[in-house]
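Geometric and topological summary
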Amino acid sequence: MIMSLEPSGEEQERFRANFKIISSSFASMPFKIPGTAFHRGIKARDSMYAMIDSIIAKRRNGEVIQQDFLESLIIKHSKGTNTIDNEDNKLTDQQMKDNILTLLVAGHDTTTAALTWLVKFLGENPAVLEHLREEHLQIQANRKDGTNLTWSEVNNMPYTNKVISETLRRATILPWYSRKAAQDFEIDGYNIKKGWSINLDVVSIHHDPETFPDPEKFDPSRFDAPLKTFSYLGFGSGPRMCPGMNLAKLEICIFIHHLVCKYKWRALEKDDSVQPTLVRMPKNKYPIMVEPL
Ligand code: HEM
């Protein structure tokens, strides 16, 4: 979708390997010294840049044509192309590469983790799974022709949306993110100075028993009524809120539809530990055995 890499092959493998190094160095101390995670991350990023450079070059000389996000960036942002945008607003190749890398880094592991947690929570909560399956079987039954999920169907999945929100609350994929204080302020007796970086402890916010009674319980009905502002931060909040939210939700809705309409599954291991990385995942990656319904 982003740049049409084949799911297998040497290029994809190299991409995957570099991507893994970048993800695991994301929250490392910024010491650019050989041997540190940060240094490995920078090297992997440079290698990704080189790969994206070569992909952009092939697209520019017409060797490869694809209908994907990179292609639309190239068409819209090539200097001298006949679009209504001002030349000064066009992205440089460096900015294009950064955009592609940002989308991959911010969008891949987060969505993968969300899907993994979703399968786990549904497997552990058969009543929720049954309710969810009813919603999706009803969508199938109402469909007059065609087999593909339509845009209006995706936009009319009320229970699915609550299941997604509860998954992101309970799992809290991004356990913290930061904001810079715009002014001096005091909170609970602590004085915060303008310009300080503040990390939000989203796991605690999402497990506050005052807002979410019995917080460990997986219960999508918590989202039946609107919640207190800033108590649910699955995709963040405010102007820096996740720009990929709608894409991620779309991917998750499509995944859920096919999963619950066609398959049943069971966990192969019992392990509730969480991998202590920036993007929270079940430590054992939650292996399952899948069968047709
Ligand atoms: C279930 C999947 C996802 C989750 C749980 C998630 C969650 C988040 C959260 C919590 C933030 C921080 C928001 C804030 O600071 O207020 C964020 C930022 C961001 N996300 Fe996502 N995200 C997901 C998928 C995606 C996808 C698919 C993309 C793009 C393809 C994406 C791109 C970004 C970017 C670029 C930012 C940084 C925004 C900024 O700092 O201005 N995310 N995401």
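The notes below deal with the structure included here. Note that the structure is predicted; figures quoted are calculated from it, not measured.

1. A few points about the overall build of the protein chain
The number of helices and strands found in the protein chain is nine helices and eight strands. Expressed as a percentage of its 293 residues, the buried residues of the protein chain come to 37%. Sequence separation of 24 or more characterises 63% of the internal contacts of the protein chain that already satisfy a separation of 6 or more. Of the side-chain charges in the protein chain, 37 are positive and 37 negative, and the distance between the mean point of each set is 3 Å.

2. Examining helix H1 (residues 10-25)
With 16 residues, H1 should reach 22 Å at 1.5 Å per residue; the first-to-last C-alpha distance of 23 Å fits that figure. For H1, the secondary structure elements touched by its buried residues are helix H2 (37-60) and helix H4 (93-124).

3. Brief notes about the layout of surface pockets
Considering only enclosed or pocket space, the second largest pocket measures out at about 500 Å³ in volume. Lining the second largest pocket we find 18 residues, and of these Ile187, Ile198, Asn199, Leu200 and Ile205 sit closest to its centre. Of all elements in the fold, only strand E1 (176-180), strand E2 (185-187), strand E4 (197-201) and helix H8 (202-206) reach the threshold of two or more residues within the lining of the second largest pocket. The element that contributes the greatest number of residues to the lining of the second largest pocket is E4, accounting for four residues. Here the lining of the second largest pocket is built from residues that sort into 11 nonpolar, four polar and three charged.

4. Overview of unusual backbone geometry
Here the phi dihedral of Thr172 falls at roughly 45°; this positive angle occurs in a residue that is not glycine. Its identity is not glycine, yet Phe230 carries a phi of approximately 65°, on the positive side. Mapped onto the fold, Phe230 is located in the loop between H8 and helix H9 (245-262). Judged by its relative accessible area of 57%, Phe230 is exposed.

5. Focus on the coordination of the iron atom of the ligand
In this structure, the iron atom of the ligand receives exactly one donor atom from the protein: Cys242 (SG), at 2.3 Å. Its place among the elements puts Cys242 in the loop between H8 and H9.

6. Examining the environment of Asp208
Mapping Asp208 onto the fold places it in the loop between H8 and H9. With a relative accessible area of 29%, Asp208 lands in the partly exposed category. Remark: the alpha-carbon pair of Asp208 and Lys283, spanning 75 residues in sequence, is separated by 24 Å.

7. Some points on the site of the ligand
Taken together, 21 residues are adjacent to the ligand, and Tyr177, Arg179, Ser237, Arg240 and Cys242 come closest. Contact distances for the ligand include 2.6 Å between an oxygen atom and a side-chain N or O atom of Arg179. With respect to the ligand, the backbone of Ser237 contributes an N or O atom lying 3.1 Å from an oxygen atom. When contributions to the shell around the ligand are tallied by element, the ones reaching two or more residues are H4, E1 and H9.

8. Details of the environment of His131
Tracing the chain through its elements places His131 in helix H5 (residues 126-142). Given the relative accessible area of 39%, His131 is considered partly exposed. Sequence separation between His131 and Gly62 is 69 residues; the distance between their C-alpha atoms is 50 Å.

9. Here we look at the side chain of Thr211
One can find Thr211 in the loop between H8 and H9. Residue classification places Thr211 among the buried positions, given a relative accessible area of 17%. For Thr211, the contacting residues outside a window of four places in its chain are Leu227, Lys228 and Ser231.

Rules used in this analysis
Residues numbered from 1 in each chain as written. Predicted model: local features only at pLDDT ≥ 70, side-chain atom pairs only at ≥ 80, totals over all residues. Heavy atoms only, no water. Helix = DSSP H or I, 4+ residues; strand = E, 2+ residues; numbered from the N terminus. Buried < 20%, exposed > 50% of the residue type's maximum accessible area, 1.4 Å probe, protein only. Contact = heavy atoms within 4.5 Å. Lys, Arg positive; Asp, Glu negative; His and termini not counted. Charge placed at Lys NZ, Arg CZ, Asp CG, Glu CD. Expected span 1.5 Å × (residues − 1). 1 Å grid on protein atoms, 1.4 Å probe; cavity = no way out; pocket = protein on both sides within 12 Å on 5 of 7 lines; lining within 4 Å. Points joined across faces, edges and corners; volume = space filled by probe spheres on them. Nonpolar A, V, L, I, M, F, W, Y, C, P; charged D, E, K, R; others polar. Donors = N, O, S within 2.8 Å, 3.2 Å for Na, K, Ca; no water. Near = heavy atom within 4 Å. Polar contact = N/O pair within 3.5 Å; in protein donor to acceptor, adjacent residues only side chain to side chain.

All quantities given are derived from atomic positions and should not be read as evidence of function.
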